[in-house]
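Commentary on secondary and tertiary structure
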Amino acid sequence: MDAEKEKSVKHFLDLIQKSRKGKFKIYIGMSAGVGKTFRMLQEAHTLLKKGIDVKIGYIETHNRKETHELLAGLPVIPRRTIFYKGKELEEMDVQAIINLRPEIVIVDELAHTNIEGSKNEKRWQDVLEILEAGINVISAVNIQHIESLNQNVKQITNVDVQERVPDNVLRLADEVVNIDLTSDELISRLKEGKIYTEDKIQAALNNFFKSDQILQLRELALKEVASQVVRKVENEVPKNVALRHEKLLACISSNDKTAKIIIRKTARLASYYNSDWYVLYVETPKESSDKIALDKQRHLINNFKLATELGAEIIKVENAKITDAILDVVEQKKITTVCIGKPHLNLFKVILSTSIFNKLLNSLSSSNIDLVILS
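Figured I'd write up the structure that's included with this text.

Calculation criteria
- Residues numbered from 1 in each chain as written.
- Predicted model: local features only at pLDDT ≥ 70, side-chain atom pairs only at ≥ 80, totals over all residues.
- Heavy atoms only, no water.
- Pairing = 2+ DSSP bridges.
- Helix = DSSP H or I, 4+ residues; strand = E, 2+ residues; numbered from the N terminus.
- Axes fitted to C-alpha atoms, helices over the stretch in contact; angles between N-to-C directions.
- Parallel < 35°, antiparallel > 145°, perpendicular 65-115°, else oblique.
- Contact = heavy atoms within 4.5 Å.
- Phe/Tyr/Trp six-rings, centres within 6.5 Å; stacked < 30°, edge-to-face > 60°.
- Lys NZ or Arg CZ within 6 Å of the ring centre and 35° of its normal.
- Buried < 20%, exposed > 50% of the residue type's maximum accessible area, 1.4 Å probe, protein only.
- Core = buried A, V, L, I, M, F, W, Y, C linked by side-chain atoms within 4.5 Å.
- Arc of directions from axis to C-beta.
- Lys, Arg positive; Asp, Glu negative; His and termini not counted.
- Salt bridge = Lys/Arg side-chain N within 4 Å of Asp/Glu carboxyl O.

Both strand E3 (residues 80-84) and strand E4 (residues 87-91) contribute to a ladder of five bridges, which runs antiparallel. Counted as the bridge partner of Phe 83 is Glu 88 from E4. The loop that links E3 with its antiparallel partner E4 comprises two residues; one of these, Lys 85, has a positive phi angle of about 50°.

Below, the structure written as C-alpha cells:
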C-alpha cells in the first residue's frame, strides 16, 4: 500500500510540476526572411498593450530596418558579455531572465550554438531551462534546423546545416505556427533588400532562393506544422477512445549511411503518429565487440546518439539469427510497424530467395504488423 501511496503522490507532484512549467510557442519558417522575428515582435507589442509582462530575451534583427524599428518600446533584457579568443561577444542572459521572471520572454534563433564556456551548449537547452522555471517562451526556427529534416533540406538545397534542434524539442511546444509566404513574395522581399544587404542579394538568388527550392521547403514546413496539429489532436482525444497506438521499430545495421536514413525517416514517422519508437541493432557473432572494425563501432555509437536525440529508445541484442531477434523485440515491445532499409539486391529476388525476409514477412503479416522498407 505504501508503494501505491508513493506512486499516487509522485503522480500528483508531476501534475503540479507540469502545470508550473512555462508554455512554449514556436514560429516555424521555410527560410530566412519569411518574417518570424517580425511576427514575434508584433506579438510582443500586442501582449504589452494588454498589460502582460513580456520581455525580449534575445532578438536577432539582422539589421532589417522594419524589424529593427519594431524593437522600439519593448523592454529588453541586456545580453551577457563574454570574452572569447580575444573578442568581446554577446549571448542571451538566461540567469537574468530567470531572476526577472517575466510572464513571457521572446527568444529568437532557437537553433543557435552558444559560445564555448556557456552553461548550455545550445540555445534550445537555455529555453528548456527557462520553461522549467515557469516562464512562457515564444521562439522561432527555420525548418532546415530540425534534426530529422536535415537530410531532406540537404537534398533540396545542397547545404548541410550544422546547427540543429532535436525533434522532441518541437514536440514540447504547446503551439507551432507556420509563417507562410509564396516563393514570389519571398523573392520580392529579397530583391527589395528586406532580407539581406545589397551585396548578398545576387548570391542568395543564385543559391538558396530559387523558386523550385522555396516551393519544396514550403511544403516541408507545411507538413511539419500539420504533423504537430495531428499530434496535438491525438494528445487531446480522450483516452477511452479506442485508437491503435502506433509503436515503431527501426532496424539498423553497422552500415552508417543506411542507418542514418532509417533513423531519420523513422523519427519523422514517429513524430507524425505521435508514437513511441525504438532503434534495434542486432549484434551477430561476426560483429561482436572484439571483431567489429573500430570505424563501424564509432559509427554505431554516433547513430545511437542521433537516435536518442530524436527521441528513440535504443535496443541492442546479441543474436546470430537477425529475424528471430527482430520478432522477439516486436513481441516484447508490442510493435505495430517495423522499419528496415532497402536491401542492396533487387528486392523481389531477395524476398523470393532469402529465408530471413520470408520469415520476417510471414510472421509480421500474420500478426497484423506493418513492414516499411525505407529507401
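As a packed pair, helix H11 (residues 256-273) and helix H12 (residues 294-309) sit with axes 10 Å apart at the nearest point and diverge in direction by 10°. Viewed along their axes, H11 and H12 adopt a mutual orientation that is roughly parallel. For the pair H11 and H12, contact is made by Asp 256, Ala 259, Lys 260, Ile 263 and Arg 264 and by His 299, Asn 303, Leu 306 and Ala 307, respectively.

Further remarks concern the packing of aromatic side chains. Applying the stated criterion across every chain, the model contains one aromatic pair. One cation-aromatic arrangement involves Arg 79 over Tyr 58; the distance from NZ or CZ to the ring centre is 3.9 Å. Note that Arg 123 overlies the ring of Tyr 58, its terminal NZ or CZ placed 3.8 Å from the centroid.

With that out of the way, let us pick up the sheet that holds strand E1 (residues 24-29). The five strands lie next to each other as E2-E5-E6-E1-E7, forming an open sheet whose pairing is parallel. Edge positions in the sheet fall to strand E2 (54-58) and strand E7 (175-179), since each has one partner strand and no second. On average, adjacent strands in this sheet sit at an angle of 20° to one another, irrespective of strand direction. Both E1 and strand E6 (residues 136-142) contribute to a ladder of six bridges, which runs parallel. Its bridge partner lying in E6, Lys 25 is registered against Ile 138.

As a further point, take the environment of Leu 110. Structurally, Leu 110 is set in the loop between strand E5 (104-107) and helix H5 (123-132). A relative accessible area of 0% means that Leu 110 is categorised as buried. Sequence separation of Leu 110 and Gln 125 is 15 residues, and the distance between their C-alpha atoms is 9.0 Å. Beyond its immediate stretch of four places on either side in the chain, Leu 110 contacts Phe 24, Ile 26, Arg 123, Trp 124, Val 127, Ser 139, Ala 140, Val 141, Val 165 and Val 169.

Moving on, we come to the nonpolar core. Core analysis: the biggest nonpolar cluster contains 64 residues, and Phe 24, Ile 28 and Leu 110 have the highest contact counts within it. A total of five residues in this core trace back to one element, the largest contributor, which is helix H10 (residues 211-236). Apart from residues lying up to four places away in sequence, Phe 24 is in contact with Leu 110, Val 127, Leu 131, Val 137, Ser 139, Val 169, Leu 172, Ala 173, Asp 174 and Glu 175. Formed by 20 residues, the second largest nonpolar core is a distinct cluster that contains Ile 252, Ile 263, Ala 270 and Val 279.

All of the buried residues along helix H6 (residues 150-157) are Asn 150, Val 153, Ile 156 and Thr 157. Considered in projection along H6, the buried side chains sweep an arc of 130° and stay on one side of the axis. One or two steps after H6, the chain reaches Asn 158, where phi turns positive at roughly 70°.

Before going further, it helps to examine helix H9 (residues 198-206). Taken together, the buried positions of H9 are occupied by Ile 201, Ala 204 and Leu 205. Projected down its long axis, H9 shows its buried positions confined to an angular sector of 95°, all on one face. For H9, the exposed residues lying more than 90 degrees away from the buried face are Asp 199 and Gln 202. For H9, the elements touching its buried residues are helix H8 (183-191).

For the rest of this paragraph, the subject is the environment of Ile 143. Secondary-structure assignment places Ile 143 in the loop between E6 and H6. Residue class for Ile 143 comes out buried when judged on its relative accessible area of 0%. In this structure the C-alpha to C-alpha distance between Ile 143 and Val 165, which are 22 residues apart in sequence, comes to 9.5 Å. Ile 143 has contacts with Ile 28, Gly 29, Met 30, Leu 149, Val 153, Leu 217, Leu 220 and Ala 221, leaving out every residue within four places of it along the chain.

With that settled, consider the side chain of Lys 122. Within the secondary structure layout, Lys 122 lies in the loop between E5 and H5. Glu 121 is the oppositely charged side chain nearest to the buried, salt-bridge-free Lys 122, at an N-O distance of 4.6 Å. Dropping the residues within four chain positions of it, Lys 122 is found in contact with His 112, Thr 113, Asn 114 and Glu 163.

Unlike most non-glycine residues, Asn 158 shows phi in positive territory, near 70°. Here Asn 158 shows up in the loop between H6 and helix H7 (167-171). Judged by relative accessible area, which is 71%, Asn 158 ranks as exposed.

In this section: the sheet that holds strand E9 (residues 276-283). The sheet built from five strands is open, its strands ordered E10-E9-E8-E11-E12 with parallel pairing. With partners counted over all chains shown, the strands left at the sheet margins are strand E10 (313-318) and strand E12 (370-374), one partner each. Going across the sheet, the axis of each strand differs from the next one's by a mean of 25°, ignoring polarity. H11 rests against strand E8 (247-252), E9, strand E11 (337-341) and E12 of the sheet, and its axis sits at about 175° to E8. Sheet strands in contact with helix H13 (residues 322-333) are E8, E9, E10 and E11, and its direction is about 155° off that of E9.

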